[in-house]
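Working through the structure, step by step
Spelled out from the first residue to the last, the chains are:
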Amino acid sequence: MDYRDHYPAVLRWLSHLVDVCLMLGGFSIVTLVFCNASLRGFAGFDLAWSLEVTSFLLLWSTFIGCAAAVARGAHMRVTEIVERLMPYRGQRVLSIAIDVIIAVLLMSLIYTGYNISVHTWAQKTTVLYWPVGLLYASMPVGMALTLIFHLFNMVFDIRNPVVPHATHSDGGEALL
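Note that the structure is a prediction, hence the values are computed from the model and not measured. (Residues numbered from 1 in each chain as written. Predicted model: local features only at pLDDT ≥ 70, side-chain atom pairs only at ≥ 80, totals over all residues. Heavy atoms only, no water.)

Counting across every chain of the model gives four aromatic pairs. Ring geometry for Tyr-3 and Phe-156: centres 5.9 Å apart, planes at 90°, overall edge-to-face. With a gap of 153 residues between them, Tyr-3 in the segment before α1 (9-43) and Phe-156 in helix α6 (residues 138-159) connect regions that are remote in the sequence. Each member of the pair, Tyr-3 as well as Phe-156, is classed as buried. On the numbers, 5.6 Å between centres and 10° between planes, the contact of Tyr-7 with Phe-149 is stacked. Of this pair, Tyr-7 sits in the segment before α1 while Phe-149 sits in helix α6, and the two are 142 residues apart along the sequence. Each member of the pair, Tyr-7 together with Phe-149, is buried. The rings of Tyr-7, Phe-149 and Phe-152 are connected pair by pair, giving a single aromatic cluster. (Phe/Tyr/Trp six-rings, centres within 6.5 Å; stacked < 30°, edge-to-face > 60°. Helix = DSSP H or I, 4+ residues; strand = E, 2+ residues; numbered from the N terminus. Buried < 20%, exposed > 50% of the residue type's maximum accessible area, 1.4 Å probe, protein only.)

Turning our eyes to something else, we now look at the packing of helix α2 (residues 48-72) against α6. At a minimum axis separation of 8 Å, α2 and α6 run at an interaxial angle of 0°. Classed by the angle they form, the pair α2 and α6 counts as roughly parallel. On α6, the residues touching Leu-59, Trp-60, Phe-63, Ile-64, Cys-66, Ala-67, Val-70 and Ala-71 of α2 are Ser-138, Met-139, Val-141, Gly-142, Met-143, Leu-145, Thr-146, Phe-149, His-150 and Asn-153. Counted by class, the contact of α2 with α6 contains 13 nonpolar, five polar and no charged residues. (Axes fitted to C-alpha atoms, helices over the stretch in contact; angles between N-to-C directions. Parallel < 35°, antiparallel > 145°, perpendicular 65-115°, else oblique. Contact = heavy atoms within 4.5 Å. Nonpolar A, V, L, I, M, F, W, Y, C, P; charged D, E, K, R; others polar.)

Moving on: the side chain of Asp-99. One can find Asp-99 in helix α4 (residues 88-120). When residues no more than four places from it in sequence are discounted, the contact partners of Asp-99 are Arg-77, His-150, Met-154 and Asp-157.

Turning our attention to unusual backbone geometry. If you check the backbone angles, Tyr-129 has positive phi at about 60° while not being a glycine. Within the secondary structure, Tyr-129 sits in the loop between α4 and α5 (132-136). When its relative accessible area of 58% is taken as the criterion, Tyr-129 is described as exposed.

Structure below.
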């Protein structure tokens, strides 16, 4: 289920900003790799800095992409076994428990990523001399964005129970 239609204006704006960053990051990655490969093939040299920039963009896109997937409700869930073995009330309790565990895991990743970023900030990259901590900062930033979307989605799911999969062919629908 795509949660973005149910977001308040601030979260919709944040989701849109995440999407724009991903679009620009993806376009930049493709452009840099294509230009660098073309230069290497046709001119016999490459741009050393493009590899560092591409690796930064790839890592940042990965973690910010996680937030975009959560906003869309696009992370994979395997529900067939639970739906067949548990009553509906048990499924709701399990779903809430899983959402709480995910929130705790995201907070742990934010804390760990922050510590790694702070401890590596003084190190510099080889070509551009950017702080290595900037590379590692992608994890706490991406996980913080993910947590924001996940918490809203979790509250939305608690307030709007889902009809079990057996009655709908699309995996369930929220009761509004």
